[in-house]
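Breakdown of the fold
One-letter residues, chain by chain:
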Amino acid sequence: MSRLAPLSEEPMMNEEENKEWSKKKWQTWRGWLKDQLSNFSLVFNKKSDLRILLSVLGCPLFPLSFQPKQPIVSSVSSSAQYIIQHFTATTGCRKLEGSVKNMYATGKVTMSMAADELGANATGAPHKGCFVMWQMLPDKWLIELVVAGHKVVAGSDGTVAWRHTPWLGAHAARGGVRPLRRAFQGLDPVAVSAVFSQAQYMGEKLIQGVNCFVLKLSADPTDLAGRSDNTAEMIKHVVFGYFSQRSGLLVYLEDSYLTRIQYPGCCPIYWETTMGTKIEDYRWVEGVMIAHSGHSNVIISRFGDNIRAGPAMVRMEEAWTIDDLAFNVPGLSMDCFIPPGDLHPALYISSTTDNARDQASPSRPSPPPIQVLLTDSAGRGVFATRKIGAGELIHTAKPIVSHPSLSTPTSVCYFCLRKITHRKASETSASFCGEECEKQSEVFYEVERQSDWLTYFDYCRTQGLKYPLLAKRLACMVISGGTTASVLDILQPAVLSSGMILQMEKEFLLLRNAFKEAPITDEQLAFLTKEWYIGVLARIRINAFRIELVGGSYEDLLSLAAASVEAEAAVGNAVYMLPSFYNHDCDPNAHIVWIENVDARVKALRDIEAGEELRICYIDASMDRDARQALLLEGFGFRCSCLRCSSGD
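Model, not experiment: these values are computed from the prediction.

Before going further, it helps to examine the overall build of the chain. Helix and strand counts for the chain stand at 16 helices and 23 strands. The buried share of the chain, taken over its 649 residues, is 51%. A sequence separation of at least 24 residues applies to 66% of the contacts in the chain between residues at least 6 apart. When the accessible area of the chain is evaluated, it comes to approximately 30,200 Å², of which 52% is carbon and sulfur surface.

Counting across every chain of the model gives 21 aromatic pairs. Centroid distance tyrosine 242 to tyrosine 252: 5.6 Å. Interplanar angle 70°. Geometry classified as edge-to-face. On the criterion of sequence distance, the pair formed by tyrosine 242 in strand S9 (residues 232-244) and tyrosine 252 in strand S10 (residues 250-261) is long-range, its members being ten residues apart. Across the pair, tyrosine 252 and tyrosine 242 agree in class, each one buried.

One open sheet holds the three strands; their spatial order is S16-S22-S21, and the pairing between them is antiparallel. Each having just a single partner strand, strand S16 (393-397) and strand S21 (590-593) make up the two edges of the open sheet. Ignoring strand direction, the axes of neighbouring strands in this sheet form an average angle of 20°.

Pairing in this open sheet of four strands is mixed, and the strands run S14-S15-S23-S20 from one edge to the other. Each edge of the open sheet carries a strand with a single partner, namely strand S14 (370-374) and strand S20 (583-584).

Moving on: the nonpolar core. Side chains of a nonpolar character, in soluble globular proteins, are inclined to be buried together. Core analysis: the largest hydrophobic core is formed by 93 residues, its most contacted members being Trp134, Phe515 and Ile547. Not counting chain neighbours up to four residues away, the residues in contact with tryptophan 134 comprise Met103, Tyr104, Lys140, Trp141, Leu142, Val329, Leu332, Phe337, Val487, Ile490 and Met577. In terms of nonpolar packing, the next biggest core, distinct from the first, is built from 75 residues, Ile83, Cys93, Ile143 and Leu253 among them.

Attention shifts here to unusual backbone geometry. The backbone of alanine 148 sits at a positive phi, close to 50°, despite the residue not being glycine. A positive phi angle is found at leucine 417, which is not glycine, with a value near 65°. With respect to the element layout, leucine 417 can be found in the loop between strand S17 (401-404) and helix H8 (435-440).

Quick look at the environment of leucine 187 now. Relative to the elements of secondary structure, leucine 187 occurs in the loop between strand S6 (169-172) and helix H5 (189-196). Separated by 103 residues in the primary sequence, leucine 187 and isoleucine 290 place their C-alpha atoms 5.5 Å from one another. In contact with leucine 187, not counting residues within four places along its chain, are Met103, Met133, Arg182, Ile290, Ala291, Ile322 and Leu325.

A few words on helix H13 (residues 530-543). The terminal C-alpha atoms of H13, which comprises 14 residues, lie 20 Å apart, in line with the 20 Å expected from a rise of 1.5 Å per residue. The element H13 is largely enclosed, with a buried count of eleven among its 14 residues. Residues of H13 that are buried make contact with helix H10 (454-463), helix H11 (467-480), helix H12 (498-516), strand S18 (544-547), strand S19 (572-575) and helix H15 (625-636).

With that out of the way, let us pick up the pattern of salt bridges. Scanning all chains against the criterion turns up 20 salt bridges. The partner of lysine 108 in a salt bridge is aspartate 323, with the nearest N and O atoms 2.6 Å apart. Of the two residues, lysine 108 sits in strand S1 (residues 103-114) while aspartate 323 sits in strand S13 (residues 312-327), which places them 215 residues apart along the sequence. Overall, the relative accessible area of 45% leaves lysine 108 in the partly exposed class. Among the residues examined, aspartate 323 registers a relative accessible area of 44% and is labelled partly exposed. Between arginine 606 and aspartate 587 there is a salt bridge; the shortest N-O distance is 3.8 Å. Of the two residues, arginine 606 is situated in the loop between strand S22 (600-604) and strand S23 (613-616) and aspartate 587 in the loop between S20 and S21; the sequence distance between them amounts to 19 residues. Since its relative accessible area comes to 45%, aspartate 587 is described here as partly exposed. Through salt bridges with shared partners, one network takes in Glu448, Lys472 and Arg473.

Conventions and cut-offs
Residues numbered from 1 in each chain as written. Predicted model: local features only at pLDDT ≥ 70, side-chain atom pairs only at ≥ 80, totals over all residues. Heavy atoms only, no water. Helix = DSSP H or I, 4+ residues; strand = E, 2+ residues; numbered from the N terminus. Buried < 20%, exposed > 50% of the residue type's maximum accessible area, 1.4 Å probe, protein only. Contact = heavy atoms within 4.5 Å. Areas by Shrake-Rupley, 256 points an atom, 1.4 Å probe, with all protein chains shown as cover. Phe/Tyr/Trp six-rings, centres within 6.5 Å; stacked < 30°, edge-to-face > 60°. Pairing = 2+ DSSP bridges. Axes fitted to C-alpha atoms, helices over the stretch in contact; angles between N-to-C directions. Core = buried A, V, L, I, M, F, W, Y, C linked by side-chain atoms within 4.5 Å. Expected span 1.5 Å × (residues − 1). Salt bridge = Lys/Arg side-chain N within 4 Å of Asp/Glu carboxyl O.

Structure, rendered in structure tokens:
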């Protein structure tokens, strides 16, 4: 039995092969695979191990597509449904059905190549990393995984599932859209209940010392055919769920898939991948039992090409923990699940049924004509997926967190920042433009009212500070359970000087002291550390927007620009998800405007071609070049090299 490099969902390449791949975009999967099968002699090293680990363990997909309309079972007509009713009652997930719009989770992973059955030692030390996962129903998801300096991003918009790796770029998964397997590792009990209620009962089994009921699901032959081609045939893909007879919880998840590969004149080769995950450490999160740790083992076998030598095998393993998980994260929208732009266009062709349904439902909102991609020099950026006309509304965005200015606490709505001329009668000192905003403010205002902010506000006012107000409101949202402490982690942080850090430490002490007088438990304040506060401020510093309301519709671009310049002082500040991904240009092609409230509206300033990056101006574009450069360096930490600055304008 020998060690081998497994066939994953994408080819593994060394550095020279990677360069060659980049030069020859026309090289196909079949060509690469044929070369590898004819001379299968890859040697394991630290880099190849890591790539294999990330490809197999990083973001595997669940075997079956998920039907979101499938409800949690309420009556028992099979053994599987009886088992799922026990699981539903234990986890308390029924209360989430119909009320959860999205989910967010962060965690840590440790991956390693494991010793094989002959006792061969694993190569290299374990690789540690972390991940952040967003999900809006199981078929719309995004995961960013960073391990040992290598980043893998994968996602699905409900139409296509894709993955982006440093060595291959963006590529799509074959077949229909499937949910992320990690969600079924105890993170999404609603999806587990809905899927396994239709499973086949297989009996009982002792698994790792726990007596379990076993449920089995198999991929439909049509789905398997969609994941196959004339070279590689997906023969089977099955998944087993092991539910504890005592607790009712899902304690082990195992899936296996078999692929047959054959070229003319060659013997067939079979690859079988089996992944088993132990699921444990269930804890209550917002009234629902969620698994917070586990351990996965993978065995990949190849056989058929050399029967006398026996099957070749490789083993790998992953330990994972969940640091934070929350439901209904504010500000998360479909914009966050837009696929990369360099996937093949054919992958986006919908079925005739889908097209007919879309045409029959004109009121159904279409996704914005943009996508978020990695740029060569400025990190993430926003790119047009089609031609956008001048003046076109590209998309709107709601804030993750916002706060009115200290100079306008009663003249604007405390929630949406809409200007109010007649203050609504209220028992509180805050003003709201209506009952809806007052109700939505409960995610932070009930906590704010329990503390005395006089000292904190006075310090911010005398120091001319505005961003600590956003950090204060975010902390209140976390305490109340309205969001998670890591909600801003996906955003790029600013580089802070030692002087900035010292000032932030003073602000943190004031914030912490304000909460000490309120009836808030130490457990609720456990997240509020100096490190958390500085990390939040570092992200707010370069991602917050100054909100200036212009009022009116302003369909004409000239009047819109004039209104923005002539608007009164800012009514507040806010941080958004998608608008934070826009890069800067001193001659921008897009513009963000706030008409009546804090909802951001992104409009095109001129015609934008498909594939062109959309850029906004972070500062006053009317300043001269030296002033712009100084302000950008001081406020955002970079020197602008746009065409306008490069030309000396």
